[in-house]
Amino acid sequence: MIGRARHRSRRRLGLAAALAVASAACGDAGEVGGRPGGGTIGGQTEPECGALKQVCLAVGIDAPLALGGGMELIVDFRIAGSAGDSVALDVADPEVLGIDGTRLEADGPGMSALLFTDSQGRVLDFLHVTVATPDELRILAYSRNGDLLGPVLDHVTLLVGDEVLVSVEPYRAAQPLLGSFTLQREIEGAGVTMIPDAVGGLYRVIARTPGTSTVTVRALGLERTWTLEVLP
Amino acid sequence: MRPSLAIVVVALGFAGLGANDCDPQSTDDVSIYTFTAAPLGASALVQERDPTIPREARVQITAGVALAVRCWDNCDYTCVEPRLVSADPSTLAVRPLLRPGMTGEFALVAVKSGSTTLTLESDCATKTYPVEVIAP
């Protein structure tokens, strides 16, 4: 177990160094990975309510947050007979969760309560959130109207002019993890181009000229490559 | 004994009991009543003293967990202006809980692993719970 942890640690260091080089080379820093639209596409559409059902989040939290990622919170005040009061955010364990404005940051593995408080620090509600370390990046395909189609094949064949809409999402032991994060991407070969869609987290991969290209994405200390062959 | 004297003695006896206790069969007591649960895999145990088992009052809660609790006592049932204080808020914090029409409710927030005590006080009675915040 310790050996595996050390191995993973070394791999992460190596990837971190590679990531710094790629970032400098391709200049893609600042683009986002994770569920598209801040989790509004491809995930649970029901709101996630606190234990007391007085405060809910607009986007469901149906899985752990990916360590190193974060989630923009949209708070929904639900106390019958009261108009929405101003709600502040706080956490039980600051080593697991952090608050940056309205963004929840996954700072350490574990579980912590996320507290919704009023301006005087009184607790209105709370929700327990888990942070997990991802062990895989998956490239997922979406339809134009936002339906999740599934993971892309390792080797994909396209015709010139074809377009695939994808996102890059972290997984741990086959479970998708939530949150958005900085994504680096690199393309080898001129066959395809990959550009961010108008919706954050979605990318349009467009087949331009015949040939084979390799797309490499890096995030959260992980890397994934994807081979695309474009036919005339 | 003359009937009038007997009545006075009985009346004084009831008055004396009433001054010490609402329920003549039990001593005044105050308790923590939980109304939320810990998430899966975590612990949030509030145990009351039971001399018949025997069992002592204690709280055991996993770090990172928040728990909604209210005060209960056997004088007023809903405690009058209860106070719930943690000896070490950096280990277990106590925050007031705000719900419409409810009073005497608190959120226990387990911040980090360690030991402390929690003291609950109402007009009825006072009780101190040893607290253990355990690592996840």
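To be clear, the structure that these remarks concern was listed above.
From a predicted model like this one, the values you see are computed outputs, not experimental measurements.

Engineer: Just give me the short version of the overall build of chain A, but keep the residues and values in it.
Structural biologist: Scanning chain A from N- to C-terminus turns up 1 helix and 21 strands. The proportion of buried residues among the 232 residues of chain A is 47%. For chain A, the share of sequence-separated contacts (at least 6 apart) that also reach a separation of at least 24 residues comes to 60%. Carbon together with sulfur atoms contributes 52% to the accessible area of chain A, which is approximately 10,700 Å² in total.

Engineer: Explain the interface of chain B and chain A to me, and be specific about the residues and the numbers.
Structural biologist: Listed by partner, the interface residues are 21 residues for chain B and 19 residues for chain A. Taken together, the two surfaces of chain B and chain A that pack against each other cover about 1,500 Å², and 68% of this comes from carbon and sulfur. On the chain B side of the interface with chain A, the three residues burying the most area are B:G64, B:R95 and B:L98, jointly 36% of the side's total. When the shortest N-O distance is used, the salt bridge between A:D90 and B:R95 registers 3.1 Å. The interface formed by chain B and chain A holds 7 residue pairs in polar contact (both at pLDDT 80 or more) in total. Those elements giving two or more residues to the side of chain B that touches chain A turn out to be β4 (66-73), β7 (92-96) and β8 (105-110) of chain B.

Engineer: Please provide a residue-by-residue account of the pairing of strand β13 (residues 148-151) of chain A, values included.
Structural biologist: Residue and element names in this part refer to chain A. Sheet analysis places strand β12 (residues 136-142) next to β13, joined by 3 bridges and oriented antiparallel. Within the sheet, the bridge partner assigned to L140 lies in β13 and is P151. The hairpin turn running from β12 into β13, its antiparallel successor, is 5 residues long, and G146 in that turn takes a positive phi close to 90°.

Engineer: Account for the sheet that holds strand β8 (residues 97-100) of chain A, with residues named and values stated.
Structural biologist: Residues and elements named next belong to chain A. Strand order in this open sheet of 3 strands is β5-β9-β8, and the pairing throughout is antiparallel. Edge positions in the sheet fall to β5 (70-72) and β8, since each has one partner strand and no second. In this sheet, adjacent strand axes meet at a mean angle of 20° when their direction is disregarded. By the bridge criterion, 3 bridges tie β5 to strand β9 (residues 103-106) in an arrangement that is antiparallel. Paired with G70 across the bridge in β9 is E105.

Engineer: With reference to specific residues and values, describe the pattern of salt bridges.
Structural biologist: All names here are of chain A. Within the structure shown, the criterion is met by 18 salt bridges over all chains. A salt bridge links R35 to D62; its shortest N-O distance comes to 3.2 Å. Placement of R35 in the loop between β1 (31-33) and β2 (48-49) and of D62 in the loop between β3 (55-57) and β4 (65-66) is noted, with a sequence separation of 27 residues between them. Among the residues examined, D62 registers a relative accessible area of 34% and is labelled partly exposed. Each member of the salt-bridge network shares a partner with another, and the members are R144, E163, D197 and R204.

Engineer: Give me the state of the cysteines: which residues, what numbers.
Structural biologist: Evaluation of the coordinates by the stated rule reveals 3 disulfides over all chains. Here A:C49 pairs with A:C56 through a disulfide, and the sulfurs are 2.0 Å apart. On the sign convention where negative is left-handed, the bridge of A:C49 and A:C56, at about 95° about the S-S bond, is right-handed. With relative accessibility at 25%, the residue A:C49 sits in the partly exposed group. One disulfide in the model links B:C75 with B:C124; its S-S distance is 2.2 Å. One quick way to see it: the torsion about the S-S bond of B:C75 and B:C124 is about 60°, and its sign makes the bridge right-handed. Of this pair, B:C75 sits in the loop between β4 and β5 (77-78) while B:C124 sits in the loop between β9 (114-121) and β10 (126-134), and the two are 49 residues apart along the sequence. B:C75 gets classed as partly exposed once you look at its relative accessible area, which sits at 22%.

Engineer: An account of the sheet that holds β3(A) is requested, with residue identities and associated values reported.
Structural biologist: One open sheet holds the 3 strands; their spatial order is β2-β3-β6 (chain A), and the pairing between them is antiparallel. Single-partner strands in this sheet number two, and they are β2 and β6 (75-77) of chain A.

Engineer: Lay out the nonpolar core in plain terms, naming residues and giving numbers.
Structural biologist: Residues and elements named next belong to chain A. In this structure, V166, V205, V217, W226 and L228 are the most contacted members of the largest nonpolar core, which totals 27 residues. Secondary structure elements with two or more residues in this core: β12, β14 (155-159), β15 (163-172), β17 (181-188), β18 (192-196), β19 (203-207), β20 (211-219) and β21 (222-231). A total of 4 residues in this core trace back to one element, the largest contributor, which is β21. Setting aside chain neighbours within four positions, we find L228 in contact with V156, L158, V192, V205, G211, T212, S213 and V215.

Engineer: Could you give an account of the environment of A:I206, with specific residues and numbers?
Structural biologist: Residue and element names in this part refer to chain A. Along the chain, the position of I206 falls in strand β19. Taking relative accessible area as the criterion, I206 reaches 19% and is therefore assigned buried. Sequence separation of I206 and I74 is 132 residues, and the distance between their C-alpha atoms is 33 Å.

Here is what the cut-offs are and how they apply
- Residues numbered from 1 in each chain as written.
- Chains lettered and ligands numbered in written order.
- Predicted model: local features only at pLDDT ≥ 70, side-chain atom pairs only at ≥ 80, totals over all residues.
- Heavy atoms only, no water.
- Helix = DSSP H or I, 4+ residues; strand = E, 2+ residues; numbered from the N terminus.
- Buried < 20%, exposed > 50% of the residue type's maximum accessible area, 1.4 Å probe, protein only.
- Contact = heavy atoms within 4.5 Å.
- Areas by Shrake-Rupley, 256 points an atom, 1.4 Å probe, with all protein chains shown as cover.
- Buried area = accessible area lost by both parts, 1.4 Å probe.
- Salt bridge = Lys/Arg side-chain N within 4 Å of Asp/Glu carboxyl O.
- Polar contact = N/O pair within 3.5 Å; in protein donor to acceptor, adjacent residues only side chain to side chain.
- Pairing = 2+ DSSP bridges.
- Axes fitted to C-alpha atoms, helices over the stretch in contact; angles between N-to-C directions.
- Disulfide = S-S within 2.5 Å.
- Core = buried A, V, L, I, M, F, W, Y, C linked by side-chain atoms within 4.5 Å.

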